Amino acid sequence: MFKPKVLLIGPSECGKTVLGNFLSDTTETVGGDYNPTQGVRFESCWPALMKDSNGVIIVFNPDVPSHLKEVETWHSTFISSQGLSDSQCLLIAHHKPGSGADSTRPPLASQLNKLPLIHSNLEEDPEKVRLEFRSYLGNIVQTLSESQDREEMSILS
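Reading the values: the criteria
- Residues numbered from 1 in each chain as written.
- Predicted model: local features only at pLDDT ≥ 70, side-chain atom pairs only at ≥ 80, totals over all residues.
- Heavy atoms only, no water.
- Helix = DSSP H or I, 4+ residues; strand = E, 2+ residues; numbered from the N terminus.
- Buried < 20%, exposed > 50% of the residue type's maximum accessible area, 1.4 Å probe, protein only.
- Areas by Shrake-Rupley, 256 points an atom, 1.4 Å probe, with all protein chains shown as cover.
- Pairing = 2+ DSSP bridges.
- Axes fitted to C-alpha atoms, helices over the stretch in contact; angles between N-to-C directions.
- Contact = heavy atoms within 4.5 Å.
- Parallel < 35°, antiparallel > 145°, perpendicular 65-115°, else oblique.
- Nonpolar A, V, L, I, M, F, W, Y, C, P; charged D, E, K, R; others polar.
- Salt bridge = Lys/Arg side-chain N within 4 Å of Asp/Glu carboxyl O.
- Polar contact = N/O pair within 3.5 Å; in protein donor to acceptor, adjacent residues only side chain to side chain.

Novice: Provide a residue-level description of the overall build of the chain, including the pertinent values.
Specialist: Helices and strands together make up the secondary structure of the chain, namely 4 helices and 4 strands. Looking at the chain residue by residue over its 157 residues, the buried ones come to 36%. Of the roughly 9,200 Å² of accessible surface on the chain, a fraction of 52% belongs to carbon and sulfur atoms.

Here it is in structure tokens:
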């Protein structure tokens, strides 16, 4: 069984920690007081994070205009520069509690419109988010398996 390395990245205060804890089954509940996480804010650390990653999840709050622009930077730095395919990326428009989640596609840069996007609202439909995340991970594992099969076949030929 493959254990993919998937990065969960995004702008400050977009909900990465809450979402990450929920998706990793670290916590069953959502909500509560906001406690900022000390993230990796230094670009010099990014190459080490990206090394051997199989996928990238970019989390952002679609209600914050600056986040929509930052998604471009995250995509350029963590996906385009690493040669990852669109299927290895997942955009999560994470809606904060009480924000009245809008499920339309947010106005993102044109190169981001081909990437898979899900809306996350852990108050209203947490299981839908978990299922979509697991589907994404399944696709990553499938990609890794196919890649390993191709490598093994080329060695045998």
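Novice: Which residues make up the sheet that holds strand β3 (residues 89–94), and what are the values?
Specialist: Within a sheet, each strand pairs with its neighbour through backbone hydrogen bonds, oriented either parallel or antiparallel. Taken in spatial order, the 4 strands make up an open sheet running β1-β2-β3-β4, and their pairing is parallel. Lying at the two open borders of the sheet, with one neighbouring strand each, are β1 (6–9) and β4 (117–120). Ignoring which end each strand starts from, the neighbouring axes of this sheet average 20 degrees apart. Lying over the sheet, helix α1 (residues 16–23) contacts β1, β2 (55–60), β3 and β4, oriented at roughly 145 degrees with respect to β1.

Novice: Can you break down the packing of α1 against helix α4 (residues 126–156) residue by residue, with the values?
Specialist: Packing of α1 against α4 leaves a shortest axis separation of 10 Å and a crossing angle of 75 degrees. When the axis of α1 is compared with that of α4, the two are roughly perpendicular. On α4, the residues touching Leu19, Phe22 and Leu23 of α1 are Pro126, Glu127, Val129, Arg130 and Phe133. Of the residues in the contact of α1 with α4, the class split is 6 nonpolar, no polar and 2 charged.

Novice: Account for the pattern of salt bridges, naming residues and giving values.
Specialist: In this structure the tally under the stated criterion is 3 salt bridges. Residue Lys51 pairs with Asp52 through a salt bridge whose shortest N-O separation is 3.4 Å. Asp52 sits in the exposed class, given a relative accessible area of 56%. Salt-bridge contacts for Arg130 lead to Glu127; the nearest nitrogen and oxygen are separated by 3.3 Å. Taken together, the residues span about one helical turn, with Arg130 and Glu127 both in helix α4 at a distance of 3 residues. By relative accessible area, Arg130 is classed as buried at 4%. Exposure remark for Glu127: the relative accessible area of 42% places this residue in the partly exposed category.

Novice: Give a detailed account of the side chain of Ser120, specifying residues and quantitative values.
Specialist: Here Ser120 is to be found in strand β4. Residue Ser120 is classed as buried on the basis of its relative accessible area, which comes to 0%. A polar side-chain atom of Ser120 sits 2.8 Å from a polar atom in the side chain of His94. The contact partners of Ser120, leaving out residues within four places of it in the chain, are Leu19, Ile92, Ala93, His94, His95 and Val129.

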